[in-house]
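Single-letter residue listing:
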Amino acid sequence: MSLLDRIREFRPPDFSRLLPFRVAGETLGWVRPSFAGALRRFPETFRVADHEVALSSQLATPDARSEAVDRVLRTLHSDGIVPKIRGERFAVANRFGEPPRLVIDRAAVTLFGTRAFGIHVNGYVGEGDAMRLWIGRRARDKAVAPGKLDHLVAGGQPAGLGLTENLLKEAHEEAGIAEALARRARPTGYCSYLIETGEGVRNDVLFTYDLAVPATFVPRNTDGEIEDYRLLAIGEVMRLTADTQDFKFNVALVNIDFLVRHGFVTPDDPDYIEIVAGLRRG
Amino acid sequence: MALVDRIRDVAPLDFSRVRPLRVDGEIVAWLPHATAERLRGFDAVFAVTQEEVRLRGTLTGFEERSVAIDRVVRALHDMGLIENYRNERYAIAASFHAEPKFSIDRGAVGRLGMRAYGVHLNGYVGRGDAMRLWVARRADGKPTWPGKLDHIAAGGQPVGIGLRDNLIKEAHEEAGIPASLAAHARPAGLCSFLTENRYGIDIGILYSFDLELPADFVPHSEDGEVSSFELWPMARVVDCLANGTEFVFDSALVAIDFLVRHGFVAPDDPDYLEIGAGLRR
């Protein structure tokens, strides 16, 4: 087992089996044929062809698109085709900060394969080989990846919230981090991938942040989403990332990016080039 | 003007203008068509077709191949097709960790479309918003990119030396950084590109290293390849990169990667993803 094994788990999908999801001429996501079939029932909202799923050009504004897609999702939900509505609104755009083309429920993001943004905060203590990383264990009742290891703070990016606002909110809710400390988090880049999962297509961009926390700091979960936190030696984080699947799949990717940026993976590793190239795809 | 302009400056290599050079069936270079046609004159070494160039199978072993190819490189230098014979050997392989097929003079690498590897050192002082970066100006006599801005130390990766040892050697020669200090440099990733510029085809992988320097350290050039060093606040580094092409294009990529990694580019900048993707191609 190696770090490269974690990278290779992010296999690109077979695009010949997916249909581009297009809005006003722009490809915003990737849809499975089975879901495209379900959308054929709603010709006023979706134009489903053999080669693409397009939002009706009659829907000219983001509000009109969002309302029409929401109505379709609620119908499909009551028919049991869309398993749940999460009640969290995600903006749909290829670049963060662009005006959203529409807004959809978080549960539909994977069905349409649209790009989702998130923030991940690497909370660490100490420097160099003495560095340690705060790692959380996700609650057993989380909808996604229950019981898996996670970062000190991580979360999806809801519509209408800035990245820093979201970071401060998640830092408070997930780890009880005071705003003054959370504001010291520094952006360090991003990881991205486009993969097929059980539910559909995940097309994610994870903005990464580093936060040096004082040795006296102890995180405290306030929203019940993290079972416990522990401070792991960087070597242990590396071993668990390389040798196990204990970390949530995308947390492993952000860990590897952290290990590369801080020099714990070195360029004389024969896998180095493939590892680095694998951190940003999709 | 914006940082993403430096990314867009690095025009992708047009593969319709090149053909592969294969050794043992593996691609080791992308030759411009005109250069490939000139290799028809070296029939004992290369088999040239419209689609590709192959190193003759009669040449086997690293030494025999290196000697035969060196004769061709010297001839191309005499003909003016290769401007500089640099007397520095680069290993040529299908990938960095693969067994080298042969070695070749550094001056031929670009003209023959071979991938080159290098090490770049980001030498900085202070942390957070108080961070400053040492910037070097290349001497006017440098064979490539004279007078342009560069890192405190950077260099190509020659045969027979490890990346870290090469970094320590370059840090000493270019900036007078003692080995005991340079040994604290930490690897921090890589930038890569496939492009074409005035010196030929440029296919590069640059390994970046970060080194925090003491505030009282002042670099000095031991080998005369740098004309001056300046310690710049990060805001000045950002401005200079965003507003012009004073930096060598590949050092600009490594410097932008440094800015991203250390939080000097905001992730809600709409160019953020294009910048991130453009650093590794």
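Residues numbered from 1 in each chain as written. Chains lettered and ligands numbered in written order. Predicted model: local features only at pLDDT ≥ 70, side-chain atom pairs only at ≥ 80, totals over all residues.

1. Some points on the pairing of strand S7 (residues 115-125) of chain A
Residue and element names in this part refer to chain A. Counted only if it meets this: Buried, partly exposed and exposed are defined by the number of other C-beta atoms within 10 Å of a residue's own C-beta, namely 20 or more, between the two limits, and 12 or fewer respectively, with C-beta atoms placed from the backbone. Secondary structure elements follow DSSP: runs of H or I of four or more residues count as helices, runs of E of two or more count as strands, with numbering from the N terminus. For two strands to be treated as a pair, DSSP must find at least two bridges joining them.
Burial within S7 is extensive, with nine of its 11 residues counted as buried. For S7 and strand S12 (residues 201-212), the ladder comprises 10 bridges, and the chain directions are parallel. Opposite phenylalanine 117, over in S12, you have valine 205 as the bridge partner. With four bridges connecting them, S7 and strand S10 (residues 153-156) associate as antiparallel partners. Within S10, the position partnered with valine 121 by the bridge is valine 153. Where S7 and strand S8 (residues 132-138) come together, two bridges link them in antiparallel fashion. Note on S8: the bridge partner recorded for tyrosine 124 is leucine 133. The antiparallel pairing of S7 with S8 creates a hairpin that spans six residues between the two strands, and glycine 126 there sits at a positive phi of about 80°.

2. Structural notes on the sheet that holds strand S1 (residues 19-23) of chain A
Residue and element names in this part refer to chain A. For clarity, the cut-off: Only C-alpha atoms enter the line fits that serve as axes; for helices the fit covers just the stretch in contact. Angles between N-to-C directions range over 0 to 180 degrees.
Ordered in space as S2-S1-S4-S3, the four strands form an open sheet in which the pairing is mixed. The sheet is open, and its two borders are formed by strand S2 (26-31) and strand S3 (46-48), each paired with just one other strand. Sheet twist, expressed as the mean angle between neighbouring strand axes with direction ignored, is 25°.

3. Concerning the nonpolar core
Heads up, the condition is: Here, a nonpolar core means buried Ala, Val, Leu, Ile, Met, Phe, Trp, Tyr and Cys residues linked by C-beta atoms lying within 7 Å of one another. Contact between two residues is assigned whenever their backbone-derived C-beta positions fall within 7 Å.
One finds Ile104(A), Val121(A), Ile256(A), Leu121(B) and Ile256(B) to be the most contacted residues of the largest nonpolar core, which totals 127 residues. By residue number, the principal contributor to this core is helix H8 (residues 249-261) of chain A, which donates eight residues. The residues contacting Val121(A), other than those within four sequence positions of it, are His151(A), Leu152(A), Val153(A), Ala154(A), Leu167(A), Ala171(A), Ala185(A), Tyr209(A) and Leu211(A). By size, the runner-up hydrophobic cluster in this structure holds 25 residues, among which are Ala29(B), Leu31(B), Ile82(B) and Met114(B).

4. Notes on the environment of Trp134(A)
All names here are of chain A. Position of tryptophan 134 relative to the elements: it lies in strand S8. Look at tryptophan 134 and you get buried, because 23 C-beta atoms sit within 10 Å. Among all residues touching tryptophan 134, those that are not within four sequence positions of it are Gly123, Leu152, Val213, Pro219, Tyr229 and Leu231.

5. Examining the domain arrangement of chain A
Residues and elements named next belong to chain A. Let me state the cut-off plainly: Domain boundaries shown here were taken from an automatic or database domain assignment. Just so you know the grouping, Ala, Val, Leu, Ile, Met, Phe, Trp, Tyr, Cys and Pro go in nonpolar, Asp, Glu, Lys and Arg go in charged, and all remaining residues, Gly too, go in polar.
On domain assignment, one finds that chain A holds domain 1 (3-8 + 116-277) and domain 2 (15-115). On a C-alpha basis, the centroid separation for the pair domain 1 and domain 2 is 29 Å. Listed by partner, the interface residues are 12 residues for domain 1 and 19 residues for domain 2. Breaking the side of domain 1 that touches domain 2 down by element, the ones donating at least two residues are S7 and S12. Looking at which element gives the most residues to the side of domain 1 that touches domain 2, the answer is S12, with four residues. A breakdown of the residues in the side of domain 1 that touches domain 2 according to their chemical character gives six nonpolar, four polar and two charged.

6. Regarding helix H7 (residues 234-243) of chain B
Residue and element names in this part refer to chain B. Applied cut-off: The arc under discussion is defined with respect to the helix axis, by the directions toward the C-beta atoms.
If you check which residues of H7 are buried, you get Met234, Val237 and Leu241. Viewed end-on, H7 has its buried residues packed into an arc of 55°, placing them on one side of the element. Check the buried side of H7 and you find it contacts helix H1 (3-9), strand S8 (132-138), strand S13 (226-233) and helix H8 (249-261).

7. Overview of the pairing of strand S6 (residues 102-105) of chain B
Residues and elements named next belong to chain B. Covered by surrounding structure in S6 are Phe102 and Ile104 together with Ser103 and Asp105, the residues of both alternating faces. Pairing geometry for strand S5 (residues 89-92) and S6, over four bridges, is antiparallel. Bridge pairing in S6 places tyrosine 90 opposite isoleucine 104.

8. Comments concerning the confidence of the model for chain B
Rules: Note on scores: pLDDT gives the predictor's confidence for each residue, bounded by 0 and 100.
Mean pLDDT for chain B: 96, with 100% of residues reaching 70 or above. At the level of chain-chain contacts, confidence expressed as ipTM amounts to 0.94, with global pTM at 0.95.

9. Some words on the interface of chain A and chain B
Listed per partner, the contact involves 25 residues of chain A and 24 residues of chain B. At the level of elements, strand S11 (186-196), S12, H8 and helix H9 (272-277) of chain A are the ones that each hand at least two residues to the side of chain A that touches chain B. For the side of chain A that touches chain B, a count of residues per class yields 12 nonpolar, seven polar and six charged.

10. Regarding the domain arrangement of chain B
All names here are of chain B. As assigned here, chain B comprises domain 1 (3-11 + 116-278) and domain 2 (15-113). Summarising the inter-unit geometry, the C-alpha centres of domain 1 and domain 2 are found 29 Å apart. With 12 residues of domain 1 at the interface, the matching set in domain 2 holds 15 residues. Elements that contribute at least two residues to the side of domain 1 that touches domain 2 include exactly strand S7 (115-125) and strand S12 (200-212). Its residues assigned to classes, the side of domain 1 that touches domain 2 shows nine nonpolar, two polar and one charged.

11. Observations regarding the packing of helix H7 (residues 234-243) of chain A against H8(A)
Residues and elements named next belong to chain A. Let me state the cut-off plainly: Note on terminology: angles under 35 degrees are roughly parallel, angles over 145 are roughly antiparallel, angles of 65 to 115 are roughly perpendicular, and the others are oblique. Definitions for this section: a left-handed crossing has its near helix turned counterclockwise from the far helix by less than a right angle. A right-handed crossing has that turn clockwise.
Remark: H7 packs on H8, axes separated minimally by 10 Å, with the N-to-C direction vectors making an angle of 135°. Here H7 is positioned oblique relative to H8, judged by the angle of their axes. Helix-helix and strand crossings are classified by hand; for H7 and H8 the assignment is left-handed. Residues Val237, Met238 and Thr241 of H7 pack against Ala252, Asn255, Ile256 and Leu259 of H8.

12. Considerations on the environment of Ala75(B)
Residues and elements named next belong to chain B. Mapping alanine 75 onto the fold places it in helix H3 (residues 62-78). Residue classification places alanine 75 among the partly exposed residues on the basis of 14 C-beta atoms within 10 Å. In sequence terms alanine 75 and phenylalanine 42 are 33 residues apart; their C-alpha atoms lie 9.7 Å from each other.

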